[in-house]
Amino acid sequence: MVNDKIRENIPVVIRTMPKEEALKLGAMALFGEKYGDVVRVVTIDPNYSVELCGGTHVMHTGMIGMFKINAESAVASGVRRIEALTGSAAYNFLYDQLMSLKEVATLLKTKDPLKAVEKIVLEKQELEKYVERLEVKQLNSLKQELLREKENIASVAFIGKVVEVNNADHLKKLCFDLKNDLGNDYVVVLAANINGKPNVAVMLSDSVVAEKQLEAPAIIKQHIAPLIKGGGGGQKTLASAGGQDASNLQRVIERVKELL
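Cut-offs and rules
- Residues numbered from 1 in each chain as written.
- Predicted model: local features only at pLDDT ≥ 70, side-chain atom pairs only at ≥ 80, totals over all residues.
- Heavy atoms only, no water.
- Pairing = 2+ DSSP bridges.
- Helix = DSSP H or I, 4+ residues; strand = E, 2+ residues; numbered from the N terminus.
- Axes fitted to C-alpha atoms, helices over the stretch in contact; angles between N-to-C directions.
- Core = buried A, V, L, I, M, F, W, Y, C linked by side-chain atoms within 4.5 Å.
- Buried < 20%, exposed > 50% of the residue type's maximum accessible area, 1.4 Å probe, protein only.
- Contact = heavy atoms within 4.5 Å.
- Expected span 1.5 Å × (residues − 1).
- Patch = residues over 30% accessible without salt bridge, like charges linked within 9 Å, V, L, I, M, F, W, Y side chains within 5 Å.
- Areas by Shrake-Rupley, 256 points an atom, 1.4 Å probe, with all protein chains shown as cover.
- Salt bridge = Lys/Arg side-chain N within 4 Å of Asp/Glu carboxyl O.

## Looking at the sheet that holds strand β3 (residues 49-52)
Across the sheet, three strands lie side by side as β1-β2-β3; this open sheet has antiparallel pairing. Looking at strand neighbours, the two that pair on one side only are β1 (13-18) and β3, the edges of this open sheet. Ignoring strand direction, the axes of neighbouring strands in this sheet form an average angle of 25°. With four bridges joining them, strand β2 (residues 38-44) and β3 adopt antiparallel strand pairing. Looking across to β3, one finds that Ile44 is bridged to Ser49.

Here it is in structure tokens:
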């Protein structure tokens, strides 16, 4: 609509008049600004735009050349802020957009980049589902391996190991998956080097918390965080931590084991 008005090359009429007279004309006072008794009224087609404004303006709308909205955001409840470019800035913006689209088409070796990108998105979704299925199988296999390496220490089932997983959530998931196979008294501590960063998950049974006066967040804070130069927290029976030093992960396992 703005560009239509620009192309109409409407004369911009600027007048100074008493504020009351301007408001009777339907002039809009914007942004909560304070106005004096005499105001500057800018009119671009009386049926389109009549506003109080102190800024400088073109003499005809056609001088603007082009108008392109490039940003929009919220400034208050129910109030939006629109930012736009005009003239050569708007042209350059659109030109850059077209050049970027051309580069995308060249990289994808296609004349229809939109269709090519849609295909890539679909392929990515399928790959993600495939990877997710593989991760489930990997975690289940790892769970069985961990159960085979379970130790009994002072009547407590203990599992502690440095494992290979893709993210910290997998450590916690492994803890939950192991829970139903460990009886009433158990301690699980799993550690992993993920992209060069140490991650640790500690899980205790309610009975261990009560009988041995151990809590997962305290173990993290007092015994694990110093070893990995990090921190973390959680609930009494399950806590996790991350840090900067992944060289002491095996020591983390040993330290938790020593607490039993």
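## So, the nonpolar core
Counting 25 residues, the largest nonpolar core has Phe158, Val187, Val189, Val200, Val202, Leu204 and Ile224 as its most contacted members. The greatest single-element share of this core, amounting to six residues, is contributed by helix α7 (residues 216-228). Residue contacts for Val200: discarding those within four places in its chain leaves Leu171, Val189, Leu190, Ala191, Ile224, Ile228, Ala239, Ser240, Ala241, Leu249 and Val252. By size, the runner-up hydrophobic cluster in this structure holds 21 residues, among which are Leu174, Tyr186, Val188 and Ala201.

## Section: the environment of Phe176
Counting through the fold element by element, Phe176 comes out in helix α5 (residues 168-179). According to the relative accessible area criterion, Phe176 is partly exposed, its value standing at 46%. Remark: the alpha-carbon pair of Phe176 and Glu8, spanning 168 residues in sequence, is separated by 68 Å. Residues within four places of Phe176 in sequence aside, it is in contact with Met203 and Leu238.

## Things to note about the side chain of Lys143
Position of Lys143 relative to the elements: it lies in helix α4 (residues 113-148). Beyond its immediate sequence surroundings of up to four residues, Lys143 is in contact with Leu174, Asp177, Leu178 and Asp181.

## Some remarks on the sheet that holds strand β9 (residues 197-204)
Strand order in the open sheet formed by six strands is β6-β7-β8-β9-β11-β10, and the pairing between neighbours is mixed. Either end of the sheet is taken by a strand with one partner, and the two such strands are β6 (151-153) and β10 (230-234). Strand-to-strand, the axes of this sheet are offset by a mean angle of 20°, without reference to chain direction. Bridge count for β10 against strand β11 (residues 238-243) is five bridges, and the pairing is antiparallel.

## Notes on helix α3 (residues 87-108)
The end-to-end C-alpha separation of α3 is 32 Å, in line with the 32 Å expected for 22 residues at 1.5 Å each. Two residues or fewer past α3, Lys109 is found with a positive phi of approximately 55°.

## Topic: the environment of Ala71
Turning to its location among the elements, Ala71 is positioned in strand β4 (residues 67-76). What makes Ala71 partly exposed here is its relative accessible area of 30%. Between the alpha carbons of Ala71 and Met203 there is a distance of 48 Å; along the sequence they are 132 residues apart. Those residues within four positions of Ala71 in sequence are excluded, and the remaining contacts are Arg81, Ile82 and Glu83.

## Focus: the environment of Gly196
Here Gly196 lies in the loop between β8 (186-194) and β9. With relative accessibility at 44%, the residue Gly196 sits in the partly exposed group. Sequence spacing of Gly196 and Ser247 is 51 residues, and the spatial spacing of their C-alpha atoms is 9.5 Å. Excluding its chain neighbours within four sequence positions, the residues that come into contact with Gly196 are Gln244 and Ala246.

## With respect to a nonpolar patch on the surface
On the surface, Tyr91, Tyr95, Leu98, Met99, Leu101, Val104, Leu107, Leu108, Val117, Ile120 and Val121 cluster together to form a nonpolar patch covering roughly 970 Å² of accessible area. Going through the elements one at a time, α3 and α4 are the ones with two or more residues in the nonpolar patch. If you tally residues by element for the nonpolar patch, the top one is α3, at eight residues. In this structure, Leu98 sits in helix α3.

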